[in-house]
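# Inside the fold
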Amino acid sequence: MGESVRPHVIETVDLTMIYKSGKVEACALRGVNLVVKEGEFVAVMGPSGCGKSTLLHLLGGLMRPTRGRIFIDGTDIGRLGDAGLTEVRRKKIGYVFQRFNLFPTLTAKGNIELAKKIHGNGHLNARGAEEILEMLGLKDKVAFRPPELSGGEQQRVAIARAVINQPRIILADEPTGSLDSRNARMVLRMMRELNEKLNQTIVMITHDHEAAAMASRIIEMRDGQILHRAQHFAYEPEFEGLF
Amino acid sequence: MESLITANIRSRPTRTLISVLAVALGIILMLIVGGIATGTLNDYLQRTRMVGADFILQPSGSTVFYAFSGASLPIKLVDKLLEVPGIRAAVPVLAKFNSSDFGLVFGVDLEKYNRLSGRLKVVEGKESLQADEVIVDELFAKSHQLSPGMKLTLLNHTFTVSAICRVGSVVRVFVSLGTLQELNGTPDKVTAIFIQADKGDLSLAYERLRVAFPGFAIIRTSDASLLLQDTSMPGFKEFLLTVILVSTLLSFMVILLAMYTTIFERTREIGILKSLGASRWFIVGMILKESVIICGFGVLFGAGASAVIRKAIIAAFPTMQVSMSARDLLFACAMGLGSGTLGAIYPAYKAARQDPVTALSYE
């Protein structure tokens, strides 16, 4: 599919978020306009407090903007009620967190099955948990609980959980932030594979330039705004050699 | 989802165990305490009916639980009762509470008492009730290891067991009316008069007695419901209600506290569930199902333990009755499950309403 005809999976228009605490107001996002096309792998960078996480939470329907519009797969989610936002999260979004956020009482497979259960029809089009775990190199870890897994393994389980229902978008909040460099590279490579092989749209927050280099586009944020010197990268096969 | 629920239950064994035990305790309290109260009442009422009287005359506001009654009826009322047309027998009894074994002793004139159809049926010994003689029923004899000829000290007086009668009389121990009046310091006074009417229309006899004795309670014993209706049972229903309320509150409070604590512990997990797209109902359902499972174990354990405790009580105290019908069991189980589930509603609602971003950042 050509670049020009790829549909917009994410689009924000004048997206503004102001946090209020009593009479104090803090503007986290100031009129952000962003378009992410299907199959893009976008890295969002910027210093702490620049609004990256707020942007991710808004894109994922975890909160509502103060002003502006957010279109996810053509739906203005800012106008949806709680049930509608929940539906968007369930059907369209997959989250990968810095701290993995797996259920410690469940096995790796149990964590993935839970996501399928919440999705409701995970058994239809989505791959089976074991198949996904195999793809992510975790087939022999299905019966392990998160505390029994390494950080890298936990994050791979979290990625498996995020993709099991084949959401339109993966939102990753510093997915390598808690990993050593070897595991970080492995996780990034897998995300890249998901992007390339499954045409999975990914928006990833990162502080790490090396991680950002894996993305097809880097967006820089400052003071709640997107800087216009955002860069486009072409994926370089020789980069693979790093891992 | 079920695996998350069972995993949560298994991963917090101490909380689960304490919650299960607390729910079970509520069930045991309801079944055993309520069962003793109901069993004792039913047994007593049944034995009252087995005396064979059609009516019991007592002072107004009295109860057939004679432990609460004094000796205030003049014995001369017997003659007046016999003057009422259709009244065949009037048998005075003096009831005295024997605190040493928490039971009642009847002072009776044996010859008159045995005119009633529920007369004492002696199975061992001599049918006699002289001044210092006592007749006990089989259960009393068994629990006190008595046989005819043995001595028994009651009300600071030593009696000789003259006979052992069958179980079924209203009380388990009988002495001579004169002796008990003397011991009680109430000569010529009795607690109640058992009345037997001629065969025929009991309602007519009842009306005649009411007219002839307007200031007295005429208790009909021909029917269990009439007996319950006519007798006064001070505080019995209130007592049962209190037991049920305390038991129910126990389950409610324990589950409320356990689940409330749990959702605080699991705030981050609730945030994760929300990020995965779990609806409010999904989260409410998860918390409620968890509490239902805990309560279910509590109810099962409580019901099982109650059955064991009931058997142990009956074995240890043969004269004690513990009523535990299938209806009682179902009621207690429903109350345990219901109160536990109600206790989980507020924590579940609170969990479902959590802001996902705040929950996800919870440490």
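Residues numbered from 1 in each chain as written. Chains lettered and ligands numbered in written order. Predicted model: local features only at pLDDT ≥ 70, side-chain atom pairs only at ≥ 80, totals over all residues. Heavy atoms only, no water.

### Concerning the domain arrangement of chain B
All names here are of chain B. Formally: Domain extents, as shown, originate in an automatic or database domain assignment. Buried area counts how much accessible surface, traced with a 1.4 Å probe, disappears from two parts once they are put together, with both parts' losses summed. A pair is scored as a salt bridge if a Lys or Arg side-chain nitrogen falls within 4 Å of a carboxyl oxygen belonging to Asp or Glu. Side-chain atoms alone can form a polar contact between residues adjacent in sequence; in general such a contact is a pair of N or O atoms within 3.5 Å, and within protein one must be able to donate a hydrogen while the other accepts it. Each residue is assigned to one class: nonpolar for Ala, Val, Leu, Ile, Met, Phe, Trp, Tyr, Cys and Pro, charged for Asp, Glu, Lys and Arg, and polar for all the others, Gly among them.
Assigned domains of chain B: these are domain 1 (2-42 + 236-360) and domain 2 (52-220). Between domain 1 and domain 2 lies a buried interface of about 400 Å² when both sides are counted; carbon and sulfur atoms form 77% of it. Of all residues in domain 1, the largest losses of buried area upon contact with domain 2 belong to Leu-41, Pro-318 and Thr-319, amounting jointly to 90% of the total for that side. Across the domain 1-domain 2 interface, the total number found is 0 salt bridges. Taken together, the connections running from domain 1 to domain 2 amount to 0 residue pairs in polar contact (both at pLDDT 80 or more). Residues of the side of domain 1 that touches domain 2, tallied by class, amount to 2 nonpolar, 2 polar and no charged.

### Structural notes on the nonpolar core
Inclusion rule: Definition used in this section: a nonpolar core is a set of buried Ala, Val, Leu, Ile, Met, Phe, Trp, Tyr and Cys residues joined via side-chain atoms within 4.5 Å. The classification of residues rests on relative accessible area computed with a 1.4 Å probe and restricted to protein chains. Under 20% of the type maximum is buried, over 50% is exposed, and intermediate values are partly exposed. Helical segments are the DSSP runs of H or I of at least four residues, strand segments are the runs of E of at least two, and each set is numbered from the N terminus. Contact between two residues is taken to exist if any of their heavy atoms lie within 4.5 Å; hydrogens are not considered.
Formed by 116 residues in total, the largest nonpolar core has its most connected members in Met-204 and Met-221 of chain A together with Leu-273 of chain B. With 11 residues, helix 11 (residues 280-316) of chain B is the largest single contributor of residues to this core. Dropping the residues within four chain positions of it, Met-221 of chain A is found in contact with Leu-29, Val-32, Val-44, Met-45, Gly-46, Pro-47, Cys-50, Gly-51, Lys-52, Leu-55 and Ile-226 of chain A. Counting residues in each nonpolar core, the second largest holds 36 residues, with Ala-71, Val-78, Leu-81 and Val-173 of chain B among its members.

### Some thoughts on unusual backbone geometry
Most peptide bonds adopt trans geometry, and most residues besides glycine take a negative phi value. Although it is not a glycine, Asn-101 of chain A adopts a positive phi angle of roughly 50°. Relative to the assigned elements, Asn-101 of chain A resides in the loop between strand 6 (93-96) and helix 3 (108-119).

### Things to note about the pattern of salt bridges
Enumeration according to the criterion identifies 25 salt bridges over all chains in this entry. Between Glu-87 of chain A and Arg-90 of chain A there is a salt bridge; the shortest N-O distance is 2.6 Å. One end of the pair, Glu-87 of chain A, and the other, Arg-90 of chain A, are both in helix 2 (residues 82-92), 3 residues apart, so they sit about a helical turn from each other. With its nearest N and O atoms 2.8 Å apart, the salt bridge here joins Arg-12 of chain B to Glu-265 of chain B.

### Overview of helix 2 of chain A
For helix 2 of chain A, the complete set of buried residues consists of Leu-85, Thr-86, Val-88, Arg-89 and Arg-90 of chain A. Those residues of helix 2 of chain A hidden inside the fold are in contact with strand 4 (67-72), strand 6 and helix 3 of chain A together with helix 10 (267-275) of chain B.

### Some remarks on the sheet that holds strand 1 (residues 8-21) of chain A
Adjacent strands of a sheet pair through backbone hydrogen bonds, lying either parallel or antiparallel. Residue and element names in this part refer to chain A. Selection criterion: Any two strands are treated as partners once DSSP identifies two or more bridges connecting them.
The strand order across the open sheet formed by 4 strands is 2-1-4-5, and the pairing between neighbours is antiparallel. Each end of this open sheet is capped by a strand with a single partner; those strands are strand 2 (24-37) and strand 5 (75-76). Sheet analysis places strand 1 next to strand 2, joined by 10 bridges and oriented antiparallel. Counterpart to His-8 in the pairing with strand 2 is Lys-37.

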